[in-house]
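# Understanding the architecture of this molecule
Chain by chain, the residues run as shown.
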Amino acid sequence: MSEQGIKIGDVFDWELSRREFLGMGAVALGGLALSSLPFAPRLFSHDTSPARGNAHVPPVHFDREVYTLCEQCVWRCGVRAKIKDGKVYKLDGNPYHPHSNGMLCPRGQAGVATLYDPDRLRFPMVRAGDRGSGLWRRVSWDEALDYTAQKMQAIKQQFGAESMVFSSTHNLAQTQFENLLRAFGSPNYGTQRSQCFNAMIIANLMTFGMQEPGRDYSAAKYIIYAGRNLAEAISNSETQDLVAAIARGTKVVVLDPRFTKTASKAAEWLPIRPGTDLAFFLAMLHVLVTEELYDKEFVAQYTVGFDEMAQAVKPYTPEWAASKTEIPAATIRRIAREFALAAPHAFVHNNWRTSNFVNSFQAERAIAIINAISGNWEQPGGLFPDAGESGVPLGSIPQPPYPRVSALRLDGVPWKYPLVPLDIGVFQELRDAILAEKPYPARGWLIYRQNPIASLPERRKTLQAFSKLDFIVTIDTTMNDTAWFSDVVLPEASYLERYDPLSVVGDAVFIRQPAVEPLGESKSGLWIFKALSTRLGLQDYFQYTDEEDYLRQQIKPLGITLDELKTKGYYRPPSAGETKTGFKFDTPSGKIELASSSLAKNNFPTAPVWQEPPAPPADQFYLLTGKVAYHTQCSTQNNKLLHELFPRNTVWIHTQAAAARGIRDGDEVFVESAAGKVKIKATVTEGIRPDCVYMTPGFGHLSKGTRVSYGEGASDSDLHLTYTDPASGGQALSQTFVKVYKA
Amino acid sequence: MTSENKKRWGMVIETRRCIDCKACMVACEIENQVPLGKHRNWVGQIGPTGTFPTLGLRFEPGNCMHCENPPCERVCPTGATYQREDGIVLIDYDKCIGCRYCMQACPYDARYFDQARGVVDKCTFCVHRLDAGQPPACVETCVGGARHYGDLNDPNSEVSKLLATNEHTVIYEEAGTEPKVFYIS
Amino acid sequence: METFEWGILVVNYLFLAGVSAGAFAISSFATYIGGPHFRRVARIGALIAPWPVAVGVGLLVLDLGRPLAFWHLFLTVQYTSPMSIGSWLLTGFIGLSLVYAALWVPAPFDHLLRVPTRVQDVLHFTRWRLLAPQTIRRARAILAALGFPLSLGVGIYTGILLGAVPSRPFWNTPMLAQLFLFSAMSTGTATVLLVTALIGARHADGLEEERRLLISSDVVLIVLEIFMLIPFLLHHALSTWSSASSIELILGGEYTLWFWIGVILLGILLPLAIEAYELFPVILKEGAARYSLALSAASGVLVLVGGFILRLVFVYAGQASHFLPVVAR
């Protein structure tokens, strides 16, 4: 091989033999043919099939579709559970349920993750180590129930039935829970209401004689909220109504120290100083009364006590209120006038969480009175009587009369809190009484679908109260914080796996029925109460064989079969014609009481009065708490879909307040109150008053049995101090003041 | 297939009605078995803007825009991404090799990589529900009533009427993608 | 750095493909200049060319979500997809460069260059005959001619692939294709230069002519790169909001140091200085270039490091860029 260089010309100096030429040609043609293969099918295809490729197409046809009720919050929307291969594939809103109208909020949608939460309780357990050690012994239902009944009976015999405390948060099986405790003979019944809306309920009871009137959004032209954050504290249908109203042009005014999502949708957001809603509404009343912007005819015909009330609000001028609320007097006056102009197609929302300040009760009274004198009762866009649970007459199970109870209730109802209904109670007082062992010690606590360790203020006090008790049994679906510190844990089937007593909404009755078989050995509340009652000798109070038998007894007056109800999910009895005789308010006078005689009788101010709220020292903040759309109080933090959207809380702090403390967005800080101290990340924002900080409640779980939520975020319950309004028994959660500093 | 019968699916989103509840996100994740941590749709947050007490806050839900001129389809090297006659952009998972070029090309970050299956995935407009005459899961559950869907070619559809009577925009119009998700504020 | 969909495997591939493209290009160029000196450059380039890109393609396939499904790429040609065009290009290039490399096996091994005479003899290797030198030379020439556009294609298409994505404003410029091409040529040349210098250090004949060609080529390519980068930066900065904002990533943002130190200083300025120093006597026509293994190795390695960091910065900064405004989710 010579090392001669190749010249460019060489390339062209080339003779082809015929064979070489034919060979090259064949190769070229063959190559061309092969290379055109890729072009052929792709170029001219016009595929219209729904989806090509591997079968990851979600199902549209299901084995079964079951109508039932959600339980992710108290709104209890109707859901349609779509079942495939024995598992719930998806939950859609039930279009026939007035609380959902076919839509579900994020928590409702995430119900599938609640149902299949790996941390769900599967079988009864008895504590095998110290309380809170996480050591449990699996037992059979027989053993668990026998043990529970035996402990409860022992307490009854030794210390009296009243030493056994029963508590539960509002739920569909509540009637049978109350049945159990009344049959047992204990007066001590705790609900979560005083953490939330005692002030609102009792103010409405004093004024209208009902716990909460309904509101007509469809024709409302003007709505005022004081903190009700419907965009985040979602009550499905009411939230839908609000958004639709705003889209229609309804003017919405929001009073809130924080720029909530509801505030962002409002026409006007007033960053009112915490504790001074009362001043705003007193001034509004003052304007309405002094400028005679109220419905005189309505007041004359349907109310009592106007003059007394008018006299009471005389001193509360908008100028006076401006100094309290930090809202200009002109604004207050203008809003009062705008409201009056829109009346009667206008309402002031009575809000829900009214456990803010001791004076919240007076604020709620003022709100009720404003609505009353505007004449919006039973007017389009106003308030109307809510039938509540009595809209449809249901059958009840036969039972003997309850044993007489002579013991005082530990929560001070009614001997300390004369106005609070027995089925509402003052929960924090109950806890404090257990702790103080006054007026007598409690020995046992049965908790159903409730988490007092997480929800009551001053968590450490609740834990101390636990230590005073011989026996604590919790019935729940997961090992939440309260279950974690109990002696016996009984697994309830989740809401998608059980029957519950029927739910009456408006003029129809709705069923909760199992969509799938219960997980493990979990059982419905109805089953658990009956089984427990048998062992307590109280079976006469639980005369149903099983859940379906209970429901059949309930629907007996309606003349339908259980299968009919199960298929459709609801039943609306034909209306018995318009037999509405003149509506009477369930008050002593039979009318709306602007000055309340019940309040007078119990030595409370008859008309709303100003009560100066406490304020934090200069270097401290009001601690605000409030919901987010993705979680329900303290119960959904372990749901992995909701956890992914909102895994932990942070503390909101105003830009200036943060800068003054060297805190930047995302920094770890300490939030400290007289009750305790927590470490949490800061969110620096313009959307809050500089004298306030905000935390989403319900985080900082202690239970290692809820693995997703364990240790996530911080607990507001570690910070909140306990203050109770003597009139309504409501908590005053915003009266806790905190220091915030860099960690 | 006459031109009168040709559907062209689209969405209209009224941002003033969105309360950022994210029910649409949860519904989609469950309906379409989306892997945890990945999303086919989202709710964007604009704000809070301004200084206390004059503040603004808006929400902008979104999902795959099912563009008329989809950049994802353009760049797909195997032809896995394709557009149906009715305008919905879909993925043929048999052909997808998981190169993720389409993820780079999408201005809306609408696509995600499904680690377990090794393919890219995204909103399909709940095409399985559309073909059965049902609304997409996100539209059905929207508590604020912000999401609307329908046939853009039908002048009587909800979306056509909304577009005809309201000023509307699309996101990143300058990208030239011609999205079929329209925004009314 | 953030984690993005396209990560270090893609960066590696881009770099390796560029090296192969450049090595082939310089080899093919040398084939045409002719002469014994450039034959050695041609040989070294040819032998290097197939391997980096083959490894790179292997990495790319591994990076796929479904590596075993890669053959779907070859069932179609998607004209609008630079990736589809690229996969065909790469296949053609690798195939051709393998055959080309075979034709350039060094003397001790050239007895392996045999072909069957008749179809019947395909399986009887002993009856395969040696290729005639003339045939080998012609084949080299033809493949060099056919492969040259392929190598430019491989060098440029990755820039087109990234540049064709408007949603990544950092990439979305016509300049990107050219920039990647010249960087590819430069890294390929630098690789050949490195190998040549290493061989020259052990040979009696220092391969100085070859190194002069390579160093001169590399200088030209680096200068051309600079004239790609300047308009790249200016264009972005003076363009739309999204574009101008994206260039901030290397003008004060998180990739600034990587770019100015890694790409500009190490990959461009220092090698340029070294190579200019080496060529000074030639430029001033005062004598032979200053050859030294240390200098050649240094400039070669620096160009390679700079080329790698260029790909790194572009892949990451590109994915960090976005149409504006970006709405938080």
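For the structure itself, look to the data block above.
Here's what I pulled together on the structure shown here. Since we're looking at a predicted model, the values are computed, not measured.

## Regarding the overall build of chain C
- Looking only at helices and strands, chain C has ten helices and two strands in total.
- Taken against the 2.2 N^0.38 rule, which gives 20 Å for 329 residues, the C-alpha radius of gyration of chain C at 21 Å falls within 12% of a compact globule.
- Within chain C, the fraction of its 329 residues that count as buried is 53%.
- Taking all contacts inside chain C whose residues are at least 6 apart in sequence as the whole, residues at least 24 apart take part in 75%.
- Accessible area of chain C: about 14000 Å², with a carbon and sulfur share of 73%.

## Topic: the environment of V516 of chain A
All names here are of chain A.
- Inspection of the secondary structure assignment puts V516 in the loop between strand 19 (508-512) and helix 20 (525-535).
- Through-space distance from the C-alpha of V516 to that of E497 is 5.4 Å; in sequence the pair is 19 residues apart.
- Filtering out sequence-adjacent residues up to four positions away, V516 remains in contact with I83, G86, K87, V88, L115, Y116, L496 and E497.

## Remarks on the interface of chain B and chain C
- In this assembly, 35 residues from chain B lie in contact with 33 residues from chain C.
- Three residues, I97, Y101 and Q104 of chain B, lead the burial of chain B against chain C; their summed loss comes to 27% of the area buried on that side.
- Where chain B touches chain C, the interface holds two salt bridges.
- Broken down by secondary-structure element, the contributors of at least two residues to the side of chain B that touches chain C are strand 2 (41-51), helix 2 (71-75) and helix 3 (101-105) of chain B.
- In the side of chain B that touches chain C, the residues fall into 20 nonpolar, seven polar and eight charged.

## Section: the side chain of S151 of chain C
Residue and element names in this part refer to chain C.
- Looking at the element boundaries, S151 is found in helix 5 (residues 133-163).
- A relative accessible area of 0% means that S151 is categorised as buried.
- Leaving out residues up to four positions away in the same chain, S151 has contacts with A21, F24, A25, F93 and M185.

## Considering the sheet that holds strand 17 (residues 488-491) of chain A
Residues and elements named next belong to chain A.
- Spatially, 5-4-17-16-15-6-7 is the arrangement adopted by the seven strands of the open sheet, whose pairing is mixed. If you trace the sheet from one side to the other, it starts and ends with strand 5 (136-138) and strand 7 (189-190), each paired once.
- The sheet strands contacting helix 20 are strand 15 (444-448), strand 16 (471-476) and strand 17, and the helix crosses strand 15 at an angle near 155°.

How each quantity is defined
Residues numbered from 1 in each chain as written. Chains lettered and ligands numbered in written order. Predicted model: local features only at pLDDT ≥ 70, side-chain atom pairs only at ≥ 80, totals over all residues. Heavy atoms only, no water. Helix = DSSP H or I, 4+ residues; strand = E, 2+ residues; numbered from the N terminus. Rg over C-alpha atoms; globule rule 2.2 N^0.38 Å. Buried < 20%, exposed > 50% of the residue type's maximum accessible area, 1.4 Å probe, protein only. Contact = heavy atoms within 4.5 Å. Areas by Shrake-Rupley, 256 points an atom, 1.4 Å probe, with all protein chains shown as cover. Buried area = accessible area lost by both parts, 1.4 Å probe. Salt bridge = Lys/Arg side-chain N within 4 Å of Asp/Glu carboxyl O. Nonpolar A, V, L, I, M, F, W, Y, C, P; charged D, E, K, R; others polar. Pairing = 2+ DSSP bridges. Axes fitted to C-alpha atoms, helices over the stretch in contact; angles between N-to-C directions.

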